[in-house]
Amino acid sequence: MDKLKMHSPDFVEENIARLAELFPNCVTEVKSQPRMNTNTHELDQNISENSCEFVVKKAIDFDLLRQELSTSIVEGPQERYHLNWPGKREALLTANAPIAKTLRPCREESVDFDTTENLFIEGDNLDALKLLQETYLGKVKMIYIDPPYNTGKDFIYADNFSETTEEYLLESGQNDEKGNRLIANTDSNGRFHSDWLSMMYSRLKLARNLLKNDGVIFISIDDGEVSSLRKLCDEVFGMNSFLGLIPVINNMKGRNDKDFHAQVHEYIIAYEKECFVSNGLMLSAEKRAEYNQITSDGKKFQWRDLRKRGGADTRRERPNLYYPIYVNPDTRDVSLKNDDSFSLEVLPVKSNGEDGCWRWGRDTLQNRIAIVQGRPVRGKESWNISYQVFLDTPESGEKREKPKSVWMGSEFSTDSGTKAVNSLLPGVNAKEVAPKAVGQIRRMAEMALSKSDIVLDFFAGSATTAHAVMQLNAEDNGKRKFIMVQLPEACDEKTEAFKAGYKTIAEISKERIRRAGKKIKEENAITAPDLDIGFRVLKVDSSNMADIYYTPDAIEQDLLTGLSNNIKDDRSSEDLLFQVILDWGSDLISKPIKQETIAGLEVFFVENNQLAACFAKNGQITENFCKELAERQPLRVVFRDSGFKDDSVKINVEQIFKLMSPHTDLKTI
Ligand SMILES: C[S@@+](CC[C@H](N)C(=O)[O-])C[C@H]1O[C@@H](n2cnc3c(N)ncnc32)[C@H](O)[C@@H]1O
């Protein structure tokens, strides 16, 4: 029972809790002097007056909070419990800094471009995460990532925040041919851990925003960075959001790369955003077969012993759970009262003769008495007490089970991951892309996702996550959607993949999804005919808007003549459509698109009439065209500014919509 507090609320604590919801990383622990109660003049927490003990309590890290609310680096060291490394503030700044970039659709590389609800984003995930902030804010149920483990051989993408990194890159000439900043993070680099942490910090911060409140993130990692990643996640997600550190046995034979031991496992770190509830796992066929009893009304069940087993199972430890239960030997029914019918007393006794205890207290037993029975022990004089555990019932749904805290089995092995890629992409040596096992990601998806949820993987690699999601959808006719993000990291010319024609890892990922999707669809043609195996390819690129749009001050006055068009020449209507969707912050980015011609002009309709976009230019937009469009009552409409001959046409068009479709939100670019 909750205790009455008997004092007015502690507003400081409440305020800290409110801030923690927005900025969990800014909550820290500090030591403070014991507080004096002003009414009683007593010290808090029973600390004696001359004690030199400190109270450690929650507090706000104002430096970090100032950094969150600032566009430049904030200085200020302070003694407090937190994870720190050189470059942390810059990483936060990087996460918060806006970018003038967009996502450009690429039909040729997509599958079912107009109808699919899956996305494949090609580019640096920091940019992708920023671009998705509004569209997917609070919408993603599960994030899975398998980042570079910082083994000393990885390339990491140096974010553009640090002059020293830039200088270093210029000096060492490690920019790739596109000017990207992929650097080898070798352990001789003085900032080996710091660079990796900075890279992860900014991305995890942005990723957290995308999670639903009941969402969850799973991160694969190995011994190298597991401890710093856990502390980093404590900061980004909050310590209370930690769900588990799961060792995954992925190589039963053991690797031969360490002197100390043969490594057989790596880890998955799991954090919730706020209130994740796991679906658990489906029971295996063998486990279902154990429910081999049946009630008169057809429900399958198994008997389970009421005597507690495992930890805290003795009378000494749980005296309240030790009491007699009385059995009617004729009917086997049980009662808490002893009378002529219920004459047989049964006590919880352990096999070593020690007094044990029951699983439930008296009240719970009384409430569930209908499913409890006395059962004679075969070959002995004594009786046990058992209760019915049902398989699937209309009330409780399908029986599920909790996954164990260690994952082990061939479906999680590195080998199965490599085989899956090798069989789909025979020319590629799968080891070069280090794919995860489909079974591992399928299990996380099963635990976390309902049938229509969204899953994001922003270190997609060979896109095992997409494969696993399509697989699970095929099994249960689900409509889960995926968003993959992958850098077009160049394949080394010496790799099998390069020789087989794949220039980048992103090309491998897309081809894997195409082939895996086709195979899964063929295998499940009858049971899952509507399976979405498509994906819309969007590439991170510079904004569609000419520079003047972002820096009008920097353009000299006499250059303005001829710059009436604020859109770059090489951008298509479809490019503009996607930037509009992003800027509008709606989730239409993965919704079906239809193109129609109205009064001679091309119009895009997204998700029926959620958005209508016409990017006609040179004054082509007429009042007649607008009347036809307004009749459709679209929710949002966007035109290109130069589509209006002059301001009077624009005003008339506004009037037309006000009259014919007053709920339409009208905008121009
Ligand atoms: C370990 S692999 C992921 C393997 C993947 N789980 C699979 O099953 O194939 C990590 C991937 O992240 C990609 N990557 C690294 N930095 C990135 C960045 N900044 N943005 C997007 N992808 C990145 C790398 O190219 C690499 O393919």
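Structural notes, computed from the coordinates. (Residues numbered from 1 in each chain as written. Predicted model: local features only at pLDDT ≥ 70, side-chain atom pairs only at ≥ 80, totals over all residues. Heavy atoms only, no water.)

Details of the overall build of the chain
And then number 1: In terms of regular secondary structure, the chain is built from 18 helices and 28 strands.
And then number 2: Taking the intrachain contacts of the chain between residues at least 6 apart in sequence as the baseline, contacts between residues at least 24 apart amount to 71%.
And then number 3: When the accessible area of the chain is evaluated, it comes to approximately 35,300 Å², of which 49% is carbon and sulfur surface. (Helix = DSSP H or I, 4+ residues; strand = E, 2+ residues; numbered from the N terminus. Contact = heavy atoms within 4.5 Å. Areas by Shrake-Rupley, 256 points an atom, 1.4 Å probe, with all protein chains shown as cover.)

Quick look at helix α7 (residues 226-237)
And then number 1: Helix length check: α7, at 12 residues, gives a terminal C-alpha distance of 16 Å against a target of 16 Å (1.5 Å per residue), a fit within 8%.
And then number 2: Burial runs high along α7: 9 of the 12 residues are buried.
And then number 3: Check the buried side of α7 and you find it contacts α2 (62-68), α3 (88-96), α6 (192-210), β8 (211-221), β9 (242-249) and β10 (265-272).
And then number 4: Positioned one or two residues after α7, G238 has a phi angle of 95 degrees, which is positive. (Expected span 1.5 Å × (residues − 1). Buried < 20%, exposed > 50% of the residue type's maximum accessible area, 1.4 Å probe, protein only.)

Some words on the nonpolar core
And then number 1: Ranked by internal contacts, the top residues of the largest apolar core, which has 74 residues, are L204, L229 and L577.
And then number 2: Considering every element that reaches this core, the biggest residue donor is α6, with 9 residues.
And then number 3: Formed by 53 residues, the second largest nonpolar core is a distinct cluster that contains M444, A448, A463 and A516. (Core = buried A, V, L, I, M, F, W, Y, C linked by side-chain atoms within 4.5 Å.)

Points about the site of the ligand
And then number 1: Neighbouring the ligand are 20 residues, the closest being D146, S462, T464, Q486 and E489.
And then number 2: Between an oxygen atom of the ligand and a side-chain N or O atom of S462, the distance comes to 2.6 Å.
And then number 3: Contact distances for the ligand include 2.5 Å between an oxygen atom and a side-chain N or O atom of T464.
And then number 4: In the complex, 93% of the free accessible area of the ligand, which totals 600 Å², lies under the protein chains. (Near = heavy atom within 4 Å. Polar contact = N/O pair within 3.5 Å; in protein donor to acceptor, adjacent residues only side chain to side chain.)

Details of the packing of aromatic side chains
And then number 1: Counted according to the given criterion, the structure contains 15 aromatic pairs.
And then number 2: Arranged with centres 6.0 Å apart and planes meeting at 65 degrees, the rings of F113 and F578 form a pair that is edge-to-face. Here the residue F113 occupies a position in the loop between β3 (101-105) and β4 (119-122), and F578 occupies one in helix α16 (residues 573-584), the gap between them amounting to 465 residues.
And then number 3: For F578, a relative accessible area of 0% translates into the label buried.
And then number 4: When the ring of F458 is compared with that of F459, the centres are 5.5 Å apart and the planes differ by 40 degrees; the resulting orientation is tilted. (Phe/Tyr/Trp six-rings, centres within 6.5 Å; stacked < 30°, edge-to-face > 60°.)

Comments concerning the pattern of salt bridges
And then number 1: All chains considered together, the criterion is met by 38 salt bridges.
And then number 2: Taking the shortest distance from any N to any O, the salt bridge between E235 and K88 comes out at 2.9 Å. Of this pair, E235 sits in helix α7 while K88 sits in helix α3; the two residues are 147 residues apart in sequence, bridging distant segments of the chain.
And then number 3: Looking at E235, the relative accessible area reads 9%, which means it is buried.
And then number 4: Residue K88 is classed as buried on the basis of its relative accessible area of 4%.
And then number 5: The shortest N-O distance in the salt bridge between E511 and R515 comes to 2.8 Å. One end of the pair is E511 and the other is R515, both in helix α14 (residues 505-523) and 4 residues apart, which spans about a single turn.
And then number 6: Among the residues examined, E511 registers a relative accessible area of 18% and is labelled buried. (Salt bridge = Lys/Arg side-chain N within 4 Å of Asp/Glu carboxyl O.)

With respect to the environment of K503
And then number 1: Along the polypeptide, K503 turns up in the loop between α13 (496-499) and α14.
And then number 2: A residue is classified by how much of its surface remains accessible, and K503, at 47% relative accessible area, is partly exposed.
And then number 3: Between the C-alpha atoms of K503 and E493, which are 10 residues apart in sequence, the distance is 8.4 Å.
And then number 4: With near-sequence residues (within four places) excluded, K503 lies in contact with E489, A490, C491 and F498.

Let's talk about the sheet that holds strand β15 (residues 334-335)
And then number 1: Spatially, β15-β14-β16 is the arrangement adopted by the 3 strands of the open sheet, whose pairing is antiparallel. In the strand order of this sheet, the two ends are held by β15 and β16 (344-346), each with one partner.
And then number 2: As paired strands, strand β14 (residues 325-327) and β15 are joined by 2 bridges and run antiparallel to one another. The partner of Y326 across the bridge, within β15, is S335. (Pairing = 2+ DSSP bridges.)

Here's the deal with the pairing of strand β21 (residues 454-457)
A regular strand places its side chains on the two faces of the sheet in alternate fashion.
And then number 1: The two faces of β21 match: I454 and L456 on one face and V455 and D457 on the other face are all buried.
And then number 2: In this structure, strand β5 (residues 140-145) lies alongside β21, joined through 2 bridges in parallel fashion. The residue of β21 that forms the bridge with M142 is V455.
And then number 3: One ladder, built from 4 bridges, connects β21 with strand β22 (residues 481-486); its direction is parallel. When the sheet's bridge partners are listed, I454 is paired in β22 with K481.
And then number 4: Following the backbone out of β21, through helix α12 (residues 464-476) and into the adjacent parallel β22, one traces a crossover that is right-handed. (Right-handed = clockwise from strand over helix to strand, strands pointing away.)

Considerations on unusual backbone geometry
And then number 1: Positive phi, close to 65 degrees, is recorded for N150, a residue that is not glycine.
And then number 2: Along the chain, N150 falls in the loop between β5 and β6 (155-157).
And then number 3: Its identity as a non-glycine residue notwithstanding, N608 has a phi of 60 degrees, on the positive side.
And then number 4: Within the element layout of this structure, N608 appears in the loop between β25 (601-606) and β26 (611-614).

Structural notes on the packing of helix α11 (residues 438-448) against α12
And then number 1: Relative orientation of the contacting elements α11 and α12 amounts to 60 degrees, with a least axis distance of 8 Å. Comparing their axes, α12 and α11 come out oblique. Crossing geometry of α11 relative to α12 is assigned as right-handed. Between α11, through V438, I441, R442, A445 and E446, and α12, the contact on the second element is made entirely by T464, T465, H467, A468, L472 and E475. (Axes fitted to C-alpha atoms, helices over the stretch in contact; angles between N-to-C directions. Parallel < 35°, antiparallel > 145°, perpendicular 65-115°, else oblique. Left-handed = near helix turned anticlockwise from the far one by under 90°.)

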